[in-house]
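Spelled out, the chains give:
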2 protein chains.
Amino acid sequence: MAKLFHEYKNPSLAVDLVIFGYHDNTLSVLLLNRKEEPFKDCWTLPGGFLQMEETFLGTCYRILKTKTGMDDVFLEQLYSFDNPGRDPRGRVIAVGYYALINPARFNIIAGSMANDVKWFDVHKMPKLGFDHRDIFQLALQRLKSKILYDPVGFELLDELFTITELHELYECILETTIDRRNFRRKILDAEYVINTGTKREGLQNRHPELYKFNKKLKKNSFQINVNVS
Amino acid sequence: MAKLFHEYKNPSLAVDLVIFGYHDNTLSVLLLNRKEEPFKDCWTLPGGFLQMEETFLGTCYRILKTKTGMDDVFLEQLYSFDNPGRDPRGRVIAVGYYALINPARFNIIAGSMANDVKWFDVHKMPKLGFDHRDIFQLALQRLKSKILYDPVGFELLDELFTITELHELYECILETTIDRRNFRRKILDAEYVINTGTKREGLQNRHPELYKFNKKLKKNSFQINVNVS
DNA sequence: CCAAAAGTGTTCGGGGTACACCCATGG
DNA sequence: CCATGGGTGTACCCCGAACACTTTTGG
């Protein structure tokens, strides 16, 4: 055996991140404005190349850390994208991941690669470079179906939250209305959340109870039903 | 810019296939017995390296064609596997795909890379090389959840099939019993199938009606419910 | 006539949906 | 005391689950 494997020509491997954040009843995605060609001055998903020794998650955290200052977030692999024309520099395969974060926890910083880092409402996305629109759309679709049966919504909220806040989050992501009382019953019956006994103070009306996520809860132990349109 | 992208060191990219076939009330997976190191004489999933100009599906079809003589089958991307130790030859990323085929349609041939090509009952799998057991298990899990809401079962059957055959397929894959009458009603109500008006001949009992898949049927237009264990 | 599998309808119960009133708080 | 949003209970209906008898065919 003459050559080592990596000495053959191989496509490059990039990891691209769809970072979802939720704030003010708005679901947003974090985009970078590129300082370099290709797609200079275009908005793109944060991404980076996989290093030889790195895992995908390793790359994800490197991107999150250096470009946005984040760590310890929910990450899930989305899909791998192989369109031969997706990167004008050559053959690049992209492994898409999506992240769910609470923007309040982090100070977003513009890294060295980007002019600017900004949250965009998922309904007001700019034109994206590469095939990032495809990646974004798949991620959004995945998130929408995932929150129906997997308790991931809390990743986007503060550690303590009210049922109403969780309810609004679901309505925002699913773009529909959900009966408030039925939602509450289902979430409580499924033990999605644990009542902390504390209340949110300082409001001009009744103080809602604060809950935290029940970490023992398993996937598929509840099911939110929505009119599929 | 001095170097072209692919001249940097990159991990190799392999595509590994979990090929499901159904026959005699048994769900099987096609495995190759390797002629070469690593994992010489071990059973593995069919796979191959992505060529620079190739798409993932291109690689899939190349593998299917050269190793098994198949084409025109259902293929879906499963997941990408990045465990740094998964291939003893060096850093190899694997993109997993799974295929659903009707074994009756093809003559399986042992290609030049393999000692042997064989179907294995999913419940009687041998020890697999690389991380192929992980890939296989994820594929099986995906198939089990997919047939509940996406009409893919027919991919494993002949073009014309009876409701009973479809019913047995579901019971076999899901490893459970499903009420025959409720299943039939649900499949017919959802217009999963179209009655061809012909009947299966030559049986010693009542001749069942033959159906074909309704190609207009969309995902999520039905839902099989099963006791989740 | 018998064995074997195909085909068909009805009943019952649980869960999902729809819906309205009282409560707590700050101003 | 009023405005605002939080918290709670019930009735109905639909869908899913359970279930048994008749029909067709070959031998």
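Residues numbered from 1 in each chain as written. Chains lettered and ligands numbered in written order. Predicted model: local features only at pLDDT ≥ 70, side-chain atom pairs only at ≥ 80, totals over all residues. Heavy atoms only, no water.

As annotated in an unreviewed UniProt entry, chain A carries the name NUDIX hydrolase and is attributed to Chitinophaga fulva.

Chemist: Sorry if this is basic, but what is going on with the packing of helix 3 (residues 163–174) of chain B against helix 4 (residues 180–189) of chain B here?
Modeler: Packed helix pairs are specified by the crossing angle of their axes together with the interaxial distance, meaning the distance between the axes. Residue and element names in this part refer to chain B. For the pair helix 3 and helix 4, interaxial distance at closest approach is 10 Å and the crossing angle is 110 degrees. Taken together, the axis directions place helix 3 and helix 4 in an arrangement best described as roughly perpendicular. Between helix 3 and helix 4, the contacting residues are Ile163, Thr164, Leu166, His167 and Tyr170 on the first element and Arg180, Phe183, Arg184, Ile187 and Leu188 on the second. A per-class count over the contact of helix 3 with helix 4 returns 6 nonpolar, 2 polar and 2 charged. (Axes fitted to C-alpha atoms, helices over the stretch in contact; angles between N-to-C directions. Helix = DSSP H or I, 4+ residues; strand = E, 2+ residues; numbered from the N terminus. Parallel < 35°, antiparallel > 145°, perpendicular 65-115°, else oblique. Contact = heavy atoms within 4.5 Å. Nonpolar A, V, L, I, M, F, W, Y, C, P; charged D, E, K, R; others polar.)

Chemist: I'm lost on the protein's contact with DNA strand D in this one. Help?
Modeler: Around DNA strand D, a shell composed of 20 residues is seen, among which Arg180(A), Arg184(A), Asn205(A), Glu209(A) and Leu203(B) lie nearest. Counting only atoms of DNA strand D within 4 Å of the protein, the fraction found in sugar and phosphate groups is 49%. A distance of 3.4 Å separates a base oxygen of DNA strand D from a polar side-chain atom of Arg185(A). Note that a base nitrogen of DNA strand D is positioned 3.0 Å from one of the side-chain N or O atoms of Asn182(B). (Near = heavy atom within 4 Å. Polar contact = N/O pair within 3.5 Å; in protein donor to acceptor, adjacent residues only side chain to side chain.)

Chemist: Just checking my understanding: could you explain the domain arrangement of chain A for this structure?
Modeler: Quoted interface sizes are often the accessible area lost when the parts come together. Residue and element names in this part refer to chain A. For chain A, the assigned domains are domain 1 (11–146) and domain 2 (159–213). When each unit is reduced to the centre of its C-alpha atoms, the spacing between domain 1 and domain 2 is 29 Å. Domain 1 puts 7 residues into the contact, and the matching count from domain 2 is 6 residues. For domain 1, the biggest contributors to the area lost against domain 2 are Tyr22, Asn25 and Lys144; these three give 64% of the whole. Across the domain 1-domain 2 interface, the total number found is 1 salt bridge. Between glutamate 175 and lysine 144 there is a salt bridge, and its shortest N-O distance comes to 2.6 Å. (Domains from an automatic or database assignment. Buried area = accessible area lost by both parts, 1.4 Å probe. Salt bridge = Lys/Arg side-chain N within 4 Å of Asp/Glu carboxyl O.)

Chemist: What exactly am I supposed to notice about the interface of chain A and chain B here?
Modeler: Taken residue by residue, the interface counts 27 residues in chain A and 27 residues in chain B. Of the roughly 2700 Å² buried between chain A and chain B, counting both surfaces, carbon and sulfur atoms make up 61%. Counting the contacts that link chain A with chain B gives 0 salt bridges. Secondary structure elements with two or more residues in the side of chain A that touches chain B: strand 1 (12–23), helix 1 (56–68), strand 5 (74–81) and strand 6 (92–101) of chain A. In terms of residue count, the dominant contributor to the side of chain A that touches chain B is strand 5 of chain A (4 residues).

Chemist: Got a minute to help me understand the protein's contact with DNA strand C in this structure?
Modeler: Of all residues adjacent to DNA strand C, which total 20 residues, the nearest are Arg181(A), Leu203(A), Arg184(B), Asn205(B) and Glu209(B). Taking the atoms of DNA strand C that fall within 4 Å of the protein, sugar and phosphate contribute 52% of them. Those elements that place two or more of their residues in the surface near DNA strand C are helix 4 (180–189) of chain A together with helix 4 of chain B. Of the residues assigned to the surface near DNA strand C, the class counts are 2 nonpolar, 7 polar and 11 charged.

Chemist: Which parts of the structure should I look at to understand the packing of aromatic side chains?
Modeler: Any pair of aromatic rings gets described here by the distance separating the centres and the angle formed by the planes. With the rule as written, the count across this model stands at 20 aromatic pairs over all chains. Residues Phe39(A) and Phe130(A) carry aromatic rings whose centres are separated by 4.6 Å and whose planes lie at 55 degrees to one another, so their mutual orientation is tilted. Separated by 91 residues along the polypeptide, Phe39(A) in the loop between strand 2 (26–34) and strand 3 (43–44) and Phe130(A) in the loop between strand 7 (114–121) and helix 2 (132–146) bring together distant segments of the chain. On the numbers, 6.2 Å between centres and 65 degrees between planes, the contact of Phe56(B) with Tyr97(B) is edge-to-face. Here Phe56(B) is found in helix 1 (residues 56–68), whereas its partner Tyr97(B) is found in strand 6 (residues 92–101), with 41 residues between them in sequence. Relative accessible area serves as the criterion here: at 0%, Phe56(B) is assigned to the buried category. The structure contains a cluster of three or more aromatic residues connected by ring pairs, namely Phe154(A), Tyr192(A), Phe213(A) and Phe222(A). (Phe/Tyr/Trp six-rings, centres within 6.5 Å; stacked < 30°, edge-to-face > 60°. Buried < 20%, exposed > 50% of the residue type's maximum accessible area, 1.4 Å probe, protein only.)

Chemist: What's the story with the relation of the copies chain A and chain B in this structure? I'm lost.
Modeler: Taken as rigid bodies, chain A and chain B are interconverted by a rotation of 180 degrees and an axial shift of 0.0 Å, the fit giving an RMSD of 0.0 Å. Seen this way, the second copy is the image of the first under a two-fold rotation axis. Across chain A, the rotation axis passes nearest the C-alpha of Asn10(A), at a separation of 3.0 Å. Of the interface residues in chain A, 100% have counterparts in chain B that sit at the interface too, so the contact is made through matching surfaces. (Least-squares fit on C-alpha atoms with pLDDT ≥ 70 in both.)

Chemist: Would you take a moment to explain the confidence of the model for chain A for this structure?
Modeler: Low pLDDT means the predicted coordinates in that region are not meant to be read closely. Chain-level statistics for chain A give a pLDDT mean of 91 and a share of 93% at 70 or above. Here strand 7 of chain A stands out as the element of chain A with the lowest mean pLDDT, 86, in contrast to strand 5 of chain A, whose mean of 98 is the highest. (pLDDT = per-residue confidence, 0-100.)

Chemist: I tried to follow helix 3 (residues 163–174) of chain A on my own but got confused; where do I start?
Modeler: Working note: α-helix, 3.6 residues per turn, so residues spaced by three or four point in the same direction. All names here are of chain A. Here helix 3 contains 12 residues, and its C-alpha end-to-end distance of 16 Å stays within 8% of the 16 Å for a straight helix at 1.5 Å per residue. Regarding helix 3, the residues found buried are Ile163, Leu166, His167, Leu169, Tyr170, Cys172, Ile173 and Leu174. The secondary structure elements touched by the buried residues of helix 3 are strand 1, strand 2, helix 2, helix 4, strand 8 (193–199) and strand 9 (209–213). Two residues or fewer after helix 3 comes glutamate 175, characterised by a positive phi angle close to 55 degrees. (Expected span 1.5 Å × (residues − 1).)

Chemist: It is not clear to me how unusual backbone geometry should be interpreted in this structure. Could you clarify?
Modeler: Both trends apply: most residues other than glycine have a negative phi, and most peptide bonds are in trans. Residues and elements named next belong to chain A. Note the cis peptide between glutamate 37 and proline 38, where omega equals -10 degrees. Structurally, the position occupied by proline 38 is in the loop between strand 2 and strand 3. We note that glutamate 175 has phi near 55 degrees; this positive angle belongs to a residue other than glycine. By the secondary structure assignment, glutamate 175 is in the loop between helix 3 and helix 4. You can call glutamate 175 partly exposed: its relative accessible area is 44%.

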